[in-house]
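Secondary and tertiary structure notes
Letter by letter, the chains look like this.
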Amino acid sequence: MARAFRATTRGYRADMESHERRLLSHLCADVITMLEARGEALNDAATEPQDSFAHFRRELAGLGADLDAGDEIPGVEPPEDAALALLLPDASTDPVEAAQFRRLSEASLRETKIADLRAARMALESEPVTLTEEQAPVFGRALNDVRLTLAARLNIDDEAAAERVHDMAGRGKAATTDEFMAELYTFTTWLQETLFSAMLDVMPEDE
Amino acid sequence: MSSAQGSTLTEGGTDLDLQIGVLTSRPYKVVVWNDPVNLMSYVAWVFRSYFGHSREKAHQLMLQVHREGRSVVASGPREKAERDVTALHGYGLQATLEESE
């Protein structure tokens, strides 16, 4: 069983069993794969040949008056997958504004997250898991992305659902996929809580 | 937002009217929304470390998100607000940009 993150003279340290580190690393890899697939899907959509004729077709159809609106660069739609939607949220409650923002920013957000998750996998290679002050927030963000993904898979969309998952995890031997995911969710939640509690403790007081 | 056990999701509040393509120099607000996954300690830490808010201020903003469903955590020119929203998304928080009245 793992021992929680705590502050040491050389950063933060958690003792984890090798199967726990492997599992967490595997979850990080799954999130990376999801993010990469989203990027590939968007790239494929952008290079679909019919897109380049859209403008031409409008002109042929005599939609001259609408050309201004048609010339507007199209935004990027939010992901349909619930986990990706949590990882890559809309930046506005207005769908059009959100789609425009997404077109400009989503790729770099995906890259940032993938880099965080890769760094977390590196940190999980060694026992104990030791993080410098610089590495700790990166690891924390990656843990959070794993939690968001598991939460979406477990349909945690309100407090009651979160409690159900907590209870499910407390029952001991996981027999179903949901019970197993619930245990993983509770484990990563606990790791993150201990890491950020330790980080808040050593944060310098306000100037 | 959640404690280690989770908490309320207060989605909604789409009463804003974001005008697209109007004056870009108008100040923008950065809004963080409540969700049942992000931990209270984590959210408070993000507000402190990213915005440099005091312990007290970060805690108040975090509680406002938790209790009222949303909180304006920063405001400024559009470019800065966009950077803030993207950074908050990097931390996994549900953040949006909103034009000031």
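The structure reproduced in this document is the subject of the present report. Just so we're clear, the structure is a prediction, and the values are computed from it rather than from any experiment.

Turning next to the packing of aromatic side chains. All told, the structure shown has seven aromatic pairs over all chains when counted by the stated rule. Between the aromatic rings of F5 of chain A and F139 of chain A, the centroid separation amounts to 5.7 Å while the plane-to-plane angle is 70 degrees, which identifies the pairing as edge-to-face. With F5 of chain A in strand β1 (residues 3–8) and F139 of chain A in helix α6 (residues 135–153), the pair connects residues that are 134 residues apart, well separated along the chain. Seen in terms of ring centroids, F47 of chain B and F51 of chain B are 6.4 Å apart; in terms of plane orientation they differ by 55 degrees. Their pairing is tilted. Residue F47 of chain B and its partner F51 of chain B are located together in helix α1 (residues 40–51), separated by four residues, close to a single helical turn. Owing to a relative accessible area of 19%, F51 of chain B belongs among the buried residues under this scheme. An aromatic cluster of at least three residues, connected via ring pairs, comprises F196 of chain A together with Y42, W45 and Y91 of chain B. R141 of chain A extends its terminal NZ or CZ atom over the ring of Y91 of chain B, reaching a point 5.0 Å from the ring centre.

Below, the discussion takes up the sheet that holds strand β2 (residues 11–15) of chain A. All names here are of chain A. Read across the sheet, three strands follow the order β1-β2-β3 without closing on themselves; strand pairing throughout is antiparallel. Each of the sheet's edge strands pairs with one partner strand only, and the pair in question is β1 and β3 (129–131). Strand-to-strand twist across the sheet, computed as the mean angle between neighbouring axes with direction ignored, equals 20 degrees. Along the sheet, α6 contacts β1, β2 and β3; its crossing angle with β3, the most-contacted strand, is approximately 120 degrees.

With that settled, consider unusual backbone geometry. All names here are of chain A. Residue P128 is bonded to the preceding E127 through a cis peptide linkage, with omega at -5 degrees. Within the element layout of this structure, P128 appears in the loop between α5 (95–123) and β3. The backbone of N155 shows a phi angle near 55 degrees, a positive value even though the residue is not glycine. Inspection of the secondary structure assignment puts N155 in the loop between α6 and α7 (159–169). The exposed category is assigned to N155, whose relative accessible area is 56%.

All names here are of chain B. Taken in spatial order, the three strands make up an open sheet running β2-β1-β3, and their pairing is antiparallel. The open sheet terminates on both sides in strands that have one partner only, identified here as β2 (70–76) and β3 (94–99). Neighbouring strand axes in the sheet, compared pairwise and without regard to direction, differ in orientation by 30 degrees on average. In terms of strand pairing, strand β1 (residues 28–33) meets β2 through six bridges, oriented antiparallel. In the strand pairing of β2, V32 is matched with S71.

What counts, and where the lines are drawn
- Residue numbering note: each chain is counted from 1, following its sequence as written.
- Note on labels: chains are lettered from A, ligands numbered from 1, in written order.
- Restriction of local features to residues with pLDDT of at least 70 applies here, the model being predicted, together with a cutoff of 80 or more for giving and counting side-chain atom pairs; totals for whole chains, interfaces and linings are based on all residues.
- Just so you know, side-chain values use all the structure's heavy atoms and leave hydrogens and water out.
- In summary, the pairing rule links any two rings of Phe, Tyr or Trp, Trp by its six-membered ring, whose centres are within 6.5 Å, and it sorts them by plane angle into stacked for under 30 degrees, edge-to-face for over 60 and tilted for everything else.
- Note on conventions: DSSP H or I runs of at least 4 residues are helices, E runs of at least 2 residues are strands, and numbering of each starts at the N terminus.
- A 1.4 Å probe rolled over the protein chains alone gives each residue an accessible area, and that area as a share of the maximum for its type sets the label: buried under 20%, exposed over 50%, partly exposed in between.
- We count a charge as sitting over a ring when the NZ of a lysine or the CZ of an arginine lies within 6 Å of the ring centre and within 35 degrees of the ring normal.
- A pair of strands counts as paired when DSSP detects no fewer than two bridges linking them.
- A fitted line through C-alpha atoms represents every axis, and for helices the fit uses only the stretch in contact; the resulting angles, taken between N-to-C directions, go from 0 to 180 degrees.
- By the convention used here, residues are in contact when the closest approach between their heavy atoms is within 4.5 Å.

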